[in-house]
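Per-entry structural report
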Amino acid sequence: MQTTVIFRHKVKTSRRFVFENIMDLDHVCTLHKRWFRNLRIVAQKPDYVEYHLTSLFYGLKQETTARGGPIDENRYWYEFVTPLAKMRVDGLMEGQDGDLTQTETITFKFHWFLAPLFWVLRPLFKKQKEDILRDDSALLERVYELDGIGFKRLEPALPRVVVYGGDGFFGHLVVEDLLKYSSAEIIIASRHPKATTFHPFETRVHKVESDINDYASVLSTIEGAAVVVSCIGPYQGQSLNLLRACTERHIAYVDVADDRDFVVRCHQFSSVVQEAGITAFVGCSVVPGMSSLLTKYCQEEIPLIERTRIFISPGTQHPRGRGSFLCLLSTVGNEFLIPSGDGRQTVRGWTGRERVCFPPPMGNRWVYFVVDIADYFLQPIYFGVKTVEFKIGSELDILNRTLSAVRQFKRVLNSKNADWLLPMSKALIYAASLFGTSQGGVMVEVSGETHAGGRKMWLSVFAGENGEVIPALLPSVATQMLLRGEVTCRGIVPLPDWLPRERFLEELTKRRLRMGAKSDGTWLALNCVPTPPA
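Because the structure is a prediction, the values reported are computed rather than measured.

Rules and cut-offs
- Residues numbered from 1 in each chain as written.
- Predicted model: local features only at pLDDT ≥ 70, side-chain atom pairs only at ≥ 80, totals over all residues.
- Heavy atoms only, no water.
- Buried < 20%, exposed > 50% of the residue type's maximum accessible area, 1.4 Å probe, protein only.
- Helix = DSSP H or I, 4+ residues; strand = E, 2+ residues; numbered from the N terminus.
- Core = buried A, V, L, I, M, F, W, Y, C linked by side-chain atoms within 4.5 Å.
- Contact = heavy atoms within 4.5 Å.
- Salt bridge = Lys/Arg side-chain N within 4 Å of Asp/Glu carboxyl O.
- Expected span 1.5 Å × (residues − 1).
- Bend = angle between axes of the 7 residues up to and from the residue.
- Phe/Tyr/Trp six-rings, centres within 6.5 Å; stacked < 30°, edge-to-face > 60°.
- Pairing = 2+ DSSP bridges.
- Axes fitted to C-alpha atoms, helices over the stretch in contact; angles between N-to-C directions.

**Concerning helix α14 (residues 470-483)**
For α14, a buried count of 13 out of 14 residues is recorded, marking the element as mostly surrounded by other parts of the structure. The positive-phi residue at the C-terminal boundary of α14 is G485, with phi of around 70°.

**Describing the nonpolar core**
Ranked by size, the top nonpolar core spans 143 residues in total, and within it I186, L294, W498 and F504 carry the most contacts. Aside from chain neighbours lying at most four places away, what touches W498 is F281, C284, L293, L474, V477, A478, M481 and V493. Ranked by size, the runner-up nonpolar core spans nine residues in total, among them F311, V367, M443 and W458.

**Notes on the pattern of salt bridges**
As a working rule, side chains carrying opposite charge can pair if their charged atoms are close by. Enumeration according to the criterion identifies 37 salt bridges in this entry. For E104, the salt bridge goes to K129, with nearest N and O atoms at 2.8 Å. Of the two residues, E104 sits in strand β7 (residues 100-110) while K129 sits in helix α3 (residues 115-148), which places them 25 residues apart along the sequence. Of the two residues examined, E104 and K129, each falls in the buried class. Between D397 and R401 there is a salt bridge whose closest N-O contact spans 3.1 Å. In this pair, D397 and R401 both sit in helix α12 (residues 397-413), four residues apart, roughly one turn of the helix. Take D397: its relative accessible area is 21%, and that puts it in the partly exposed class.

**Looking at unusual backbone geometry**
Residue P200 follows H199 across a cis peptide bond; omega there is 5°. On the secondary structure map, P200 appears in the loop between β9 (185-190) and β10 (205-209). The linkage connecting G233 with the following residue, P234, adopts the cis geometry, with an omega of 0°. Relative to the elements of secondary structure, P234 occurs in the loop between β11 (227-230) and α6 (241-249).

**Overview of α3**
An ideal rise of 1.5 Å per residue puts 50 Å on 34 residues; α3 measures up with 46 Å between its terminal C-alpha atoms. The largest bend along α3 measures about 55° and falls at L121, with the proline P123 one to four residues further on. Buried residues of α3: F118, F125, Q128, K129, D131, I132, L133, D136, S137 and L140, and no others. Remark: G150 follows α3 within two positions and exhibits a positive phi of approximately 80°.

**A look at the packing of aromatic side chains**
Scanning the model with the defined rule gives 19 aromatic pairs in all. Taking the centre distance of 5.1 Å and the plane angle of 75° together, the rings of W35 and Y58 count as edge-to-face. You can see W35 sitting in the loop between α2 (28-31) and β2 (36-45) and its partner Y58 sitting in the loop between β3 (48-57) and β4 (60-70), a full 23 residues away along the chain. The partly exposed category is assigned to Y58, whose relative accessible area is 34%.

**Things to note about the sheet that holds strand β14 (residues 304-314)**
Taken in spatial order, the eight strands of this open sheet run β17-β18-β19-β14-β20-β21-β23-β24, and their pairing is mixed. The two strands at the open ends of the sheet, each matched to only one other strand, are β17 (351-357) and β24 (524-525). In the sheet, β17 pairs with strand β18 (residues 364-369) via five bridges, with the strands oriented antiparallel. By the bridge assignment, C357 is partnered in β18 with N364. In this fold helix α9 (residues 286-299) packs onto β14, β19 (387-392), β20 (440-450), β21 (453-463) and β23 (514-518), with an angle of close to 40° to the strand it touches most, β20.

Below you can see the structure in the form of structure tokens.
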């Protein structure tokens, strides 16, 4: 069934501003926040726009598609499509600019059994539309008035950064850091952007629906960007579409990839990146990004490195996103090769239980072989290392033992896929978050030769609280340096060489993160983190 309502009113504005208002819906969730929120761009062309947003009709929340465009110099259309009904608006403008008569014919289409409900709610629909028309008219008339006296808004041309996965766990932290420490406009791209907010930076954040597996969508989304950041995990088996699109559009690229195969494929693509003349940070997170930097800092004291061991222990107070869970489950019990001496050693995910000592307040943690990380590929290239090990473990040993039990369970069932355990694992992690902390850290243990003989030392980046921000540090800093033109390298950036030690310590201190060193059994602080006010 359908019903039609006509609204006609005078508005002192021009046709141009009416069309601009229709074609740019970014203002909707600000001007009409009582009725709409969580705007996501789907398509934005000169003659057609499409958005997804959440509509609120007196408490009734519905996911809504909004789309529309001009028909000719006097007519336009737009519509809102919800699960319950479709509202089509056909607009007509008559008269001279500055004294327009705007007529909007609104047609509601809905299932026949909803007719009684729509009849009862007619006064509320009318009141909602009058509220929206009033605010829109006030905005248009004010803009027209300012335009008449020659007023021009002197808005700075903000550099554009597109963050794929910017509403995920780690992506959200990267976006927050960029908003705090840069002036960039942030475009969050995702298949299904979430209703996340970034107070007080909302005006600098926009959301776009885009799938990295849809190359045309990627090309459209990154158009005009200065830097593209990929925070979409897991990276196992992920396509290189984003990096390929950046080379085609000549846009700098940053990702937080940790998977060996993905990083290897990126390096196989390095000649194309070099020819495009762009800068690409591949693996710019804790591993292999931060682990490579820490190993380089150790090399200043141990020139000939023979073995590198990398350890991570995150807090459990803030559960990670779906990508992190899938990454862990995909490797539990699976075999992979790691560099060991003059050959290779086969290890199995979630084996090799070992107790290691992080700086206080973290202390002793149990860790295991887990994933096939990119350091197994990069450490021998960067440092000539013969043996590389990577282990990770939770602060709560019950979680470690549970995943170890999952490995045994998979072996008994001869199962290679544990994705079906995702809901159960997430429930366990969320339960553990009630008892965990937000401490977290990464530690590198380096062994090798100096002029005085064999030596071993440890470097660690850690936090007594809010340790979850550690993975967001490097992608944010790399992006900021790219925006400021501080990175001159073209091609894939060597991860150990781009951030000097003093600059790294400065960036850590800004974020209240600590760095410690140990060579004789005692941890020494390398930077002073101010104590937060009580």
